[in-house]
Amino acid sequence: MRRNKRQAHAVSTKAGEQTSAESWGTGRAVARIPRVRGGGTHRSGQGAFGNMCRGGRMYAPLKVWRKWHRKINLKQRRYALVSALAASGVPSLVLARGHSIETVPEIPLVLSDKVQDIKKTKEAVAILRKVGAWSDILKVYASKHTRAGVGKMRNRRTVMKRGPVIIYDKDNGVKKAFRNIPGVSLLSVERLNLLRLAPGGHVGRFVIWTESAFKKLDALYGTWSKKSQEKVDFNLPQPIMTNSDLGRLLKAFEIQSVLRAPIKRQARRKVKKNPLKNIGLMSRLNPYAAVQKRQTLLRQLKGRRTGTTAESKAAARKERTHASLKAKRLSGVNMVKKSKTQTSAGSTKTTTVTTTTKTSVASKKS
Amino acid sequence: MVRGRFEQASSHVQWMVIRNSSSFLHKRKLGTLTTEANNLKNRNTFRFNGLIHPKVVGVQTVKDGKGVLFTTGNVKNLKKPLKRFRQVKLSKDSRRTLTSIRRTIRKQRYRKDLKMAALRRASALLRGQRLAAAATTSTSATNTKRSGKSTTSNTGATTSS
């Protein structure tokens, strides 16, 4: 649809063709493109006519008769418009589009008809502030930046976000009052523009209605029980599902009663483990195997030096207290709680143990 | 055929609109994330989305202060953004904050599937606050550990206000 406001442009038909150049042919130790005739000037002997030549015609010169506009079926256009209007009434879609409507009292936002009579931009700003729409305009202000690309030297220098649309019924000054506020668009209900209701193709623009504009919607687009009065033979599109709440549908009795029970525990392929390598599996198959294994191990270790003496064993035993194990387990938890549990645990043990646990706590805190 | 009014904007329909194009969507190499306010894991999934569902749970940091802001969605005021959220400031110690969140969700049966996510988020945010406080008091550069969750929650906090 955006293509429809394009203006035709083209390259001059004569561009690059206003020479009588001819190729020099072979045997002259130059490339075979047509070259300009004559002499006495820079231009003589230069290549001409090709898109690769300097001063030549471009590849596929642009023609005015390019198809600039696109015809879209009326029904499709109306369907799109109506969908965009519907989306503007869903707060999550408006938020997702990027408008800040957290301070707006209600969506859809409908103001009294007095809005249509205001003449000063100052009043317009005051209204937007009061209604909670100003934060969206502040977003527009924040988004002003220079356009990327050549457009900046073609009188399209700044770009900014789109703010709210004001949709009115009768313009008694609204348009002029609101039009200088950045980001704001004005639309008459009779002539709604999809390009303004779903900018960039994204539905859910923030819409501010006036009362009479909102009331006119029924007559313009119809309700499902009544056809549109203003448009010939148009009614709102029928939804594909009358009840689109999938969650409730799936939990409904009519569906649940026909389903089989859910398979909560899937029987999956079991990996076969080798009992000769896996001691656990071996013991399950042959309980005596564990005993056998232990005996062989002890026999092998008999008389060998392993490094653990009776004293070192006793010392390790002593270190494995409840408190030290608990401290290891609780490391990283809420600091406040840990000190409490430590003191309570420590109080029940001997004094030597409490000091060791307290130092371990201190080291973790740092 | 005459049909009555259809309530068409169910959360599933909205999800189909939002799931691939939303101002909060961030598609990057490290995965798809969303920055909407009440998304507990910032994941772009139907379950965790903060915009679509009538019942919604959100946890954010309190700006310039201690504690956590626990948000629940008011189902009655779905279309009234001003009244949509009930926010509670939980600024006592973490044990009380977490039990408060846990109990609200459990006793009201309010989005039980989000309970663990809410607790984890709150716990991570509180941890971040604790570490930040420890960093300022001890003034040692090595202690400034910033968890990724707290930074994303701060951006969430600024957009919601």
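Since we're looking at a predicted model, the values are computed, not measured. For every chain, the first residue of the written sequence is number 1, and numbering continues from 1 onward in sequence order. Lettering of chains starts at A and numbering of ligands starts at 1, both following the order in which they are written. The predicted origin of the model limits local features to residues at a pLDDT of at least 70 and limits the giving and counting of side-chain atom pairs to 80 or more, whereas totals for whole chains, interfaces and linings rest on all residues. Note: side-chain values were computed over all heavy atoms of the structure, leaving out hydrogens and water.

Engineer: Outline the packing of helix α2 (residues 94-107) of chain B against helix α3 (residues 115-138) of chain B, supporting the account with residue identities and numerical values.
Structural biologist: All names here are of chain B. Lines fitted to C-alpha atoms define the axes here, with helix axes fitted over just the stretch in contact, and angles between the N-to-C directions of these axes take values from 0 to 180 degrees. Starting at the N terminus, helices and strands are each numbered in turn, a helix being any DSSP run of H or I of at least four residues and a strand any DSSP run of E of at least two. Closest axis-to-axis distance for the α2/α3 pair is 10 Å, and the angle between their directions is 160°. The orientation of α2 relative to α3 falls into the category roughly antiparallel. Considering how the two elements wind past one another, α2 and α3 form a crossing that is right-handed. Seen from α2, the contacting residues are Ser94, Thr97, Leu98, Ile101, Arg102, Ile105 and Arg106; seen from α3, they are Lys115, Ala118, Leu119, Ala122, Ser123 and Leu126. Amino acids are sorted into nonpolar (Ala, Val, Leu, Ile, Met, Phe, Trp, Tyr, Cys and Pro), charged (Asp, Glu, Lys and Arg) and polar (every other residue, Gly among them). Tallied by class, the residues present in the contact of α2 with α3 amount to 7 nonpolar, 3 polar and 3 charged. An angle below 35 degrees is treated as roughly parallel, one above 145 as roughly antiparallel, one from 65 to 115 as roughly perpendicular, and anything else as oblique. Each crossing gets its handedness from the near helix: less than a right angle anticlockwise from the far helix is left-handed, clockwise is right-handed. Note on contacts: a residue pair qualifies if any of its non-hydrogen atoms lie within 4.5 Å across the two residues.

Engineer: Give me the lowdown on a positive patch on the surface, citing residues and values where you can.
Structural biologist: Residue and element names in this part refer to chain A. Like charges are joined within 9 Å and nonpolar side chains (Val, Leu, Ile, Met, Phe, Trp, Tyr) within 5 Å, but only among residues with over 30% relative accessible area and no salt bridge; these make up the patches. Using a 1.4 Å probe, accessible areas were evaluated by the Shrake-Rupley method; residue-level cover was limited to the displayed protein chains. Salt bridges are defined by distance alone: a side-chain nitrogen of Lys or Arg within 4 Å of a carboxyl oxygen of Asp or Glu. When charges are tallied, Lys and Arg are placed among the positive residues and Asp and Glu among the negative ones, while His and the ends of the chain are skipped. Taken as the charge centre is NZ of Lys, CZ of Arg, CG of Asp or CD of Glu, depending on the residue. A cluster of like positive charges, contributed by Arg2, Arg3, Lys5, Arg6, Arg66, Lys67 and Arg162, occupies part of the molecular surface. As for its placement among the helices and strands, arginine 2 is situated in the segment before β1 (22-23). A residue is classified by how much of its surface remains accessible, and arginine 2, at 61% relative accessible area, is exposed. Whether a residue is buried, partly exposed or exposed follows from its accessible area with a 1.4 Å probe, protein chains only, as a fraction of its type maximum: under 20%, in between, or over 50%, in that order.

Engineer: Hey, could you go over the domain arrangement of chain B for me, with residue numbers and the actual values?
Structural biologist: Residue and element names in this part refer to chain B. Each assigned domain of chain B is listed with its residue range as follows: domain 1 (11-53) and domain 2 (55-133). Domain start and end points were adopted from an automatic or database domain assignment. A separation of 19 Å is found between the C-alpha centroids of domain 1 and domain 2. Note: buried area is the sum, over both parts, of the accessible area (probe 1.4 Å) each one loses when the two are combined. On the domain 1 side of the contact with domain 2, Asn38, Leu40 and His53 bury the most area, a combined 61% of that side's loss. Our count for the contact surface shared by domain 1 and domain 2 stands at 1 salt bridge. Residue aspartate 113 pairs with arginine 47 through a salt bridge whose shortest N-O separation is 2.6 Å.

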